[in-house]
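Each chain, written out:
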Amino acid sequence: MHPKLFIFLQYITPQHLLSRAAGWLAETRIGGIKNPFTKWFVEKYKVDMDEALEEDYTAYTCFNDFFTRALKEGARPIVEGESTIAGCADGAISQLGEIHNGRIFQAKGQDYSLLELVGGDPEVAAQFTGGKFATVYLSPKDYHRVHMPLDGVLQRMIYVPGELFSVNTTTAENVPRLFARNERLVCIFDTAAGPMAMILVGAMIVAAIETVWAGQVAPVKRQIRTTRYDEQKPIALKKGEEMGRFKLGSTVVLLFGADRVNWLEELAAETPVKVGEHFGDLI
């Protein structure tokens with residue numbers, strides 16, 4: 001499909017209606033529907049079922065259970081060391097680098113506002129001004145659970161309603177402010193590197209976003225909602241532990257404050273990454 005036509009269709013498609021309909025399909029337990037569809041998906045995207053805890057795709061109760069499948073013990077070893085940062089998701093780097101003047105690089109000719117990305121709260125945005133960002137795209141074939149890059153204690157969670165554009169190279173290059181206008185969940189943790197934000201970005205056909213502490217968080221009523229966790233019993237997660245998952249795939253944006261971390265020099269746009277691999281280091 002021509003890129004201009006693809007982008008035009010993104011704008012005119014009833015994004016939320018289509019995504020919620022996909023959510024219904026992904027939850028159906030009717031074997032005559034889920035099994036042929038899951039088989040098609042495995043074959044089309046060459047999903048590696050050998051690493052799945054349950055290798056038989058027909059054994060999953062619904063497509064969502066297959067899509068958010070657990071992996072076998074040891075399938076994703078976590079890099080050791082208190083000063084190392086582990087990969088948070090399977091996928092590929094979309095972009096990474098420094099946050100300049102409150103702007104985050106999206107693609108050639110495109111960037112977006114840090115303040116808008118985190119939901120418009122200046123206090124939250126100030127923690128990451130001049131810091132580092134990394135954007136990881138999860139493709140359909142990838143493992144879709146998101147894991148902690150470092151030990152962290154949850155401070156707050158911000159649900160930000162928005163659009164549901166697809167997230168891929170074409171939309172990143174042609175849809176202004178893509179990651180700051182899509183529905184997203186902003187999770188702020190206190191870590192050894194200071195504040196860390198893990199932002200789970202929704203997309204077209206993404207039926208839901210979940211966290212391990214709150215269950216399904218999106219979709220909800222379309223208004224910004226902040227939950228504070230620093231005023232209640234702490235939620236602490238270790239490096240490598242699961243923190244959330246996508247029911248159908250999307251993108252994670254990782255943020256750190258100024259002079260806190262360095263990404264590995266070999267990481268660049270389109271570099272494949274996996275959960276647990278060495279991703280960077282604390283300064």
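Residues numbered from 1 in each chain as written. Predicted model: local features only at pLDDT ≥ 70, side-chain atom pairs only at ≥ 80, totals over all residues. Heavy atoms only, no water.

Enquirer: Any chance you could explain the UniProt feature "active site" (unreviewed entry) in the chain here in plain terms?
Expert: Cross-referencing UniProt, the feature "active site" (unreviewed entry) maps to Asp-90, His-147 and Ser-250 in the present numbering. A maximum C-alpha distance of 14.5 Å places the annotated residues, which cover 161 residues in sequence, within one compact spot. Tracing the sequence through the fold places Asp-90 in the loop between strand S1 (84-86) and strand S2 (91-98). Discounting residues that sit within four places of it in the chain, Asp-90 has contacts with Arg-76, Tyr-137, Leu-138, Asp-142, Tyr-143, Val-273, Lys-274 and Val-275. At a separation of 2.6 Å, a polar atom in the side chain of Asp-90 contacts the side chain of Arg-76. Take Ser-250: it is sitting in the loop between strand S14 (242-247) and strand S15 (251-256). The exposure class of Ser-250 is buried, given its relative accessible area of 0%. (UniProt positions renumbered as here; feature names shortened; annotations may be inferred. Helix = DSSP H or I, 4+ residues; strand = E, 2+ residues; numbered from the N terminus. Contact = heavy atoms within 4.5 Å. Polar contact = N/O pair within 3.5 Å; in protein donor to acceptor, adjacent residues only side chain to side chain. Buried < 20%, exposed > 50% of the residue type's maximum accessible area, 1.4 Å probe, protein only.)

Enquirer: Looking at this model, I keep getting lost on the packing of aromatic side chains. Mind explaining?
Expert: According to the stated counting rule, one finds 15 aromatic pairs in the structure shown. A cation sits over an aromatic face here: Lys-44 above Tyr-45, 5.5 Å from the ring centre. Cation over ring: Arg-69 sits above Phe-66, and NZ or CZ is 4.8 Å from the ring centre. (Phe/Tyr/Trp six-rings, centres within 6.5 Å; stacked < 30°, edge-to-face > 60°. Lys NZ or Arg CZ within 6 Å of the ring centre and 35° of its normal.)

Enquirer: Is there a simple way to explain the nonpolar core in this structure?
Expert: Nonpolar side chains tend toward joint burial in soluble globular proteins. Grouped together as the largest cluster of nonpolar side chains are 38 residues, with contacts concentrated most on Phe-189, Met-198, Trp-213, Met-243, Phe-256, Trp-263 and Phe-279. The residues touching Phe-256, leaving out its near neighbours within four places in the chain, are Ile-85, Phe-128, Gly-131, Lys-132, Leu-150, Thr-191, Ala-193, Pro-195, Met-196, Val-261 and Trp-263. Grouped together as the second largest cluster of nonpolar side chains are 28 residues, Ile-158, Val-160, Phe-179 and Val-253 included. (Core = buried A, V, L, I, M, F, W, Y, C linked by side-chain atoms within 4.5 Å.)

Enquirer: Looking at this structure, I do not really get the side chain of Glu-183. What am I missing?
Expert: Structurally, the position occupied by Glu-183 is in the loop between helix H8 (178-181) and strand S8 (184-191). Among the polar contacts made by the side chain of Glu-183, one reaches the side chain of Tyr-159 at a distance of 2.6 Å.

Enquirer: I keep staring at the pattern of salt bridges and nothing clicks. Help me out?
Expert: Once the charged atoms of two side chains with opposite charge are near each other, the side chains can pair. Scanning the entire structure with this criterion turns up 13 salt bridges. Of the charged contacts in the structure, one is a salt bridge between Asp-121 and Arg-156, with a shortest N-O distance of 3.3 Å. You can see Asp-121 sitting in the loop between helix H5 (114-117) and helix H6 (122-126) and its partner Arg-156 sitting in strand S7 (residues 152-160), a full 35 residues away along the chain. Asp-121 gets classed as partly exposed once you look at its relative accessible area, which sits at 24%. Since its relative accessible area comes to 8%, Arg-156 is described here as buried. Residue Glu-242 pairs with Arg-245 through a salt bridge whose shortest N-O separation is 2.9 Å. An identical accessibility class is assigned to Glu-242 and Arg-245; each is buried. One network of salt bridges, with partners in common, ties together Glu-51, Arg-76 and Asp-90. (Salt bridge = Lys/Arg side-chain N within 4 Å of Asp/Glu carboxyl O.)

Enquirer: Please clarify how the sheet that holds strand S16 (residues 261-263) should be interpreted in this entry.
Expert: Pairing between the strands of a sheet is mediated by backbone hydrogen bonds and can be parallel or antiparallel. The strand order across the open sheet built from 3 strands is S1-S18-S16, with neighbouring strands paired in antiparallel fashion. Each edge of the open sheet carries a strand with a single partner, namely S1 and S16. Direction aside, neighbouring strands of the sheet carry axes that sit 30° apart on average. Relative to strand S18 (residues 278-282), S1 runs antiparallel, the two sharing 3 bridges. Across the sheet, residue Ile-85 finds its bridge partner in S18, namely Gly-280. (Pairing = 2+ DSSP bridges. Axes fitted to C-alpha atoms, helices over the stretch in contact; angles between N-to-C directions.)

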